[in-house]
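The lines below spell out each chain.
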Amino acid sequence: MTDVLRILIGVVPVFAFLSVLVFLDSYKLVSKQAVGTSILGGAAAAALCLYVNASLLDLSGLNSTSYSRYIAPLVEETVKALYLVVLLKRRRIGFTVDAAIHGFAVGAGFALIENLYYLFHIEDSNYLVWIIRGFGTAAMHSTTVALVGIISKSLMDRYLSERLHLIVPGLTAAIVVHSAFNHFVVSPVITTLGLLVILPLLLLWVFDRSERATRDWLGLGFDADQELLDILTSGRIADSKIGRYLETLRSRFPGEVVVDMFCLLRIHTELSLRAKGVLMLQQAGIKPPRDPETDEKFAEMRFLEKSIGPTGKLAILPFLYTNSREIWQLQKIR
């Protein structure tokens with residue numbers, strides 16, 4: 001019973017805070033299933049780090065204190081960030097708040113496995129140790145991964161790129177924070193209290209900024225999509241910029257390919273509007289039913305993409321919203 005209580009003290013605070021983050025996500029950008037997968041990713045990262053750290057500690061010849069201050073932060077933050085890198089590269093994160101939630105979930109999974117390991121390897125039954133592990137160390141692990149996600153996603157949005165070098169600033173910040181935490185310049189209790197003050201303020205700021213960005217993007221994007229769809233489905237396309245542009249393509253592509261380009265634009269816009277509508281309903285607390293025609297439209301869109309080929313798709317790229325956020329929104333309704 002004592003062991004159960006110690007592990008609960010060690011991880012419950014982080015999982016409770018993660019639950020609050022998911023609750024605060026008014027647009028429900030991150031599903032519970034995705035949060036669970038991120039927790040598992042963090043748990044796998046912890047298991048890997050336990051093995052790597054033990055091996056490197058023997059090879060380095062450092063004492064455990066020096067290793068925990070200078071090598072462990074580099075190893076653990078890099079491994080924890082790998083799952084976030086996969087999500088970012090696959091464009092599964094639309095806003096900074098997504099990155100914060102996924103990052104915090106990865107850290108929670110990491111802390112769970114690490115605390116289970118220490119439960120069986122540390123004989124100290126002092127509950128203060130486990131309170132510090134739960135409110136301090138575990139929160140630190142979650143905060144640093146969230147920091148990687150927030151900084152990396154912000155840079156990727158700014159430069160409209162998913163290149164890996166944009167992850168370096170966030171990863172560096174996480175390593176520095178982790179190393180500073182392990183130095184215990186002040187007492188562990190004061191460090192933990194400081195983290196408990198800074199962490200909510202940081203994440204509340206991220207939530208506020210992301211909520212405003214989401215509202216702005218939905219408003220502008222919805223209006224632009226609606227205008228484009230009106231043009232594509234009305235008789236005014238010949239007088240529009242899109243119609244004139246498609247007309248210039250007739251000299252370079254067969255007529256049937258140009259028709260397929262037109263159809264692809266229409267279906268892509270319909271799906272984009274559907275995705276934005278789903279987000280708006282979720283923000284209002286309504287879970288919309290899945291549109292039975294969605295799968296058919298995605299299948300038709302894939303067929304049309306093959307039909308027009310890479311060159312044809314490149315030709316209409318200016319009218320296809322293909323940045324990470326637009327691709328992310330379509331994945332929300334798959």
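Reading guide: rules and limits
- Residues numbered from 1 in each chain as written.
- Predicted model: local features only at pLDDT ≥ 70, side-chain atom pairs only at ≥ 80, totals over all residues.
- Heavy atoms only, no water.
- Axes fitted to C-alpha atoms, helices over the stretch in contact; angles between N-to-C directions.
- Helix = DSSP H or I, 4+ residues; strand = E, 2+ residues; numbered from the N terminus.
- Parallel < 35°, antiparallel > 145°, perpendicular 65-115°, else oblique.
- Left-handed = near helix turned anticlockwise from the far one by under 90°.
- Contact = heavy atoms within 4.5 Å.
- Buried < 20%, exposed > 50% of the residue type's maximum accessible area, 1.4 Å probe, protein only.
- Core = buried A, V, L, I, M, F, W, Y, C linked by side-chain atoms within 4.5 Å.
- pLDDT = per-residue confidence, 0-100.

(A) Region of interest: the packing of helix 4 (residues 72-89) against helix 7 (residues 168-183). Axis separation between helix 4 and helix 7 bottoms out at 9 Å; the angle between their running directions is 135 degrees. With respect to each other, helix 4 and helix 7 are oriented oblique. Crossing angle aside, the handedness with which helix 4 passes helix 7 is right-handed. On helix 7, the residues touching P73, L74, E76, E77, T78 and A81 of helix 4 are L171, A174, I175, H178, S179 and N182.

(B) Expanded view of the environment of I198. Checked against the element boundaries, I198 lands in helix 8 (residues 188-233). Overall, I198 belongs to the exposed group, its relative accessible area being 57%.

(C) Unusual backbone geometry, seen in detail. In the Ramachandran plot, R91 falls in the positive-phi region, its phi being about 55 degrees despite a non-glycine side chain. Among the structural elements, R91 can be located in the loop between helix 4 and helix 5 (96-121). Exposure remark for R91: the relative accessible area of 24% places this residue in the partly exposed category.

(D) Representation of the nonpolar core. L18, L29, V35, I101, F104 and L203 are the most contacted members of the largest nonpolar core, which totals 28 residues. Within the residue set of this core, elements represented by two or more residues are helix 1 (2-24), helix 2 (32-60), helix 5, helix 6 (127-159) and helix 8. With seven residues, helix 5 is the largest single contributor of residues to this core. Sequence-distant contacts of L29, that is, excluding residues within four places in its chain, are made with F95, V97, D98, T214, L279, W328 and K332. Grouped together as the second largest cluster of nonpolar side chains are 24 residues, V258, M261, L264 and L330 included.

(E) Expanded view of the confidence of the model for the protein. Looking at the protein as a whole, its pLDDT mean stands at 83, while 91% of the residues score no less than 70. Ranking the elements of the protein by mean pLDDT puts helix 9 (residues 241-249) last, at 71, and helix 4 first, at 95.

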